[in-house]
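# Reading the structure
Here is what each chain is made of, one letter per residue.
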Number of protein chains: 2
Amino acid sequence: MIRVLIAEDQQMLRGALSTLLNYEEDIEVIAQANNGKEATELIHQLAPDVCLLDIEMPIKSGLDLAEEIFEAKSLCKVIILTTFARTGYFERAIGAGVHGYLLKDGPSEELAEAIRRVVNGQRMFSPELVFNQLKQDNPLTSREKEVLKLVASGLTSKEVSAHLFLSAGTVRNYMSEIINKLEAKNRIEAITKAKEKGWI
Amino acid sequence: MIRVLIAEDQQMLRGALSTLLNYEEDIEVIAQANNGKEATELIHQLAPDVCLLDIEMPIKSGLDLAEEIFEAKSLCKVIILTTFARTGYFERAIGAGVHGYLLKDGPSEELAEAIRRVVNGQRMFSPELVFNQLKQDNPLTSREKEVLKLVASGLTSKEVSAHLFLSAGTVRNYMSEIINKLEAKNRIEAITKAKEKGWI
DNA sequence: TTCAAGTAGTGACATTTGTCATGTGAAGGG
DNA sequence: CCCTTCACATGACAAATGTCACTACTTGAA
């Protein structure tokens, strides 16, 4: 019996999927989580064979969690299940050694099959992703990403500098460079573009 | 037997829901559509008792379709099923006389129950919506919304002013007032907040 | 070991943004 | 008719933002 945990904040989908998976004879959904933090605890307690993770969840994202699981060298296989075909997300997921990455756009029957495969040590990726991947990586350095994320959350340059213990001028230099790299007109466009590509 | 049509562009959810609903003894999913246009045709052909409509779909949105069904004085009951708790969407849906408005965030068991209710002539709304509705309507005037939307798309104040044939000062006054109304620190926060509430 | 990149900083400058006071005219409700 | 709200406008000022040039230290790869 394959023991599965589902982390997905959209209750309707979570409920529907777990009911469906439970109809499979070899699969049992042993836990459901509303967000990454809940999932972390449940994984520790129950050690499921497979985790189905949504990316965009409150508190802790599925990618954060996938990275933690990877760091911990856990035996639990991870399948990312998301709406977003953003290359940035996919890249990060690959970096975190996930075993599967499926789009919610795919057929629901595919899911049980994917679970069986990853348990078998195979990997399963939506073909759209693999295709998209063949270019466009994040041009921002890690420091630049940090700065842009804070700016995107509404902080002014000065506040960001206090946050990161940098001088105000440095932050403005970073922003200038970011705007330049992303070919944006100002920070607002930079934020939009970076989000679109999944770079922050 | 209640005959149901599902229009939802996210295949995974659509597949899962229709399988689930088909397990109910009194409900049968007679058609699935990928978008509003497909749904329109299927409704004409099959005259389902209930339509389950997602809002954000390609080609024609669920709200557009709901309005058409309403105009046509069709007997088909409409349930909107969406991720978005935006008051604007809800308002429009109420205007289109929908029989139910559920969030994908709700439990999946609720759905079959909601379908039975609306067939019975009752209505079914996610309580969150009704609650939100009574509070928070959009504090922005239509002009302010217009300005904020353009700013959110990355335009500078000057560009917005050219776009709307206003003086640059006026646009800055609007932005100042918007930032004030939304209790934001700057335009970036104002954009984020307005988007969160579904005000732009 | 040289070199490119990333990180961090300064100073100067122009532009954009945000705030305030203040004024006008139009529309709508009581 | 008065009062409020909205739309639109100015001018003035302070603060934030964006750009440039130039310096300096560290690190990893060729």
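Whatever comes next refers back to the structure up there.
Overview of the structure. Please read all numbers here as calculations on a predicted model, not as lab measurements. (Residues numbered from 1 in each chain as written. Chains lettered and ligands numbered in written order. Predicted model: local features only at pLDDT ≥ 70, side-chain atom pairs only at ≥ 80, totals over all residues. Heavy atoms only, no water.)

We now examine the interface of chain B and chain A. Across the boundary between the two partners, chain B contributes 34 residues, which contact 34 residues of chain A. With both chains or domains summed, chain B and chain A bury close to 2,500 Å², and 63% of this area falls on carbon and sulfur atoms. When the buried area of chain B at its contact with chain A is split by residue, B:Gln10, B:Met12 and B:Ile188 rank highest and sum to 27% of it. At the boundary of chain B with chain A, the tally comes to 2 salt bridges. A salt bridge links A:Glu159 to B:Lys185, with the nearest nitrogen and oxygen atoms 3.9 Å apart. Linking chain B with chain A are 5 residue pairs in polar contact (both at pLDDT 80 or more), by the criterion used here. Elements represented by at least two residues in the side of chain B that touches chain A include exactly α1 (11-23), α7 (142-152) and α10 (187-197) of chain B. The element best represented in the side of chain B that touches chain A is α1(B), accounting for 9 residues. Split by residue class, the side of chain B that touches chain A holds 15 nonpolar, 12 polar and 7 charged. (Contact = heavy atoms within 4.5 Å. Buried area = accessible area lost by both parts, 1.4 Å probe. Salt bridge = Lys/Arg side-chain N within 4 Å of Asp/Glu carboxyl O. Polar contact = N/O pair within 3.5 Å; in protein donor to acceptor, adjacent residues only side chain to side chain. Helix = DSSP H or I, 4+ residues; strand = E, 2+ residues; numbered from the N terminus. Nonpolar A, V, L, I, M, F, W, Y, C, P; charged D, E, K, R; others polar.)

This paragraph deals with the protein's contact with DNA strand C. The environment of DNA strand C is made up of 19 residues, and the closest members are A:Thr141, A:Arg143, A:Asn173, B:Arg172 and B:Arg187. Among atoms of DNA strand C positioned within 4 Å of the protein, sugar and phosphate together represent 59%. Contacts to DNA strand C include A:Asn173, whose side-chain N or O atom sits 2.7 Å from a base oxygen. Listed by contribution, the elements that provide at least two residues to the surface near DNA strand C are α7 (142-152) and α9 (168-181) of chain A together with α8 (157-164) and α9 (168-181) of chain B. Sorting elements by how many residues they give to the surface near DNA strand C places α9(A) first, with 5 residues. The class makeup of the residues in the surface near DNA strand C is 3 nonpolar, 11 polar and 5 charged. (Near = heavy atom within 4 Å.)

Looking now at unusual backbone geometry. Of note, A:Ile59 is a non-glycine position whose phi angle comes to about 70 degrees, a positive value. When you line up the elements, A:Ile59 lands in the loop between β3 (50-53) and α3 (62-71). If you check the backbone angles, B:Glu183 has positive phi at about 50 degrees while not being a glycine. The topology assignment puts B:Glu183 in the loop between α9 and α10. Residue B:Glu183 is classed as exposed on the basis of its relative accessible area of 66%. (Buried < 20%, exposed > 50% of the residue type's maximum accessible area, 1.4 Å probe, protein only.)

Keep in mind these numbers describe shape, not what the thing actually does.
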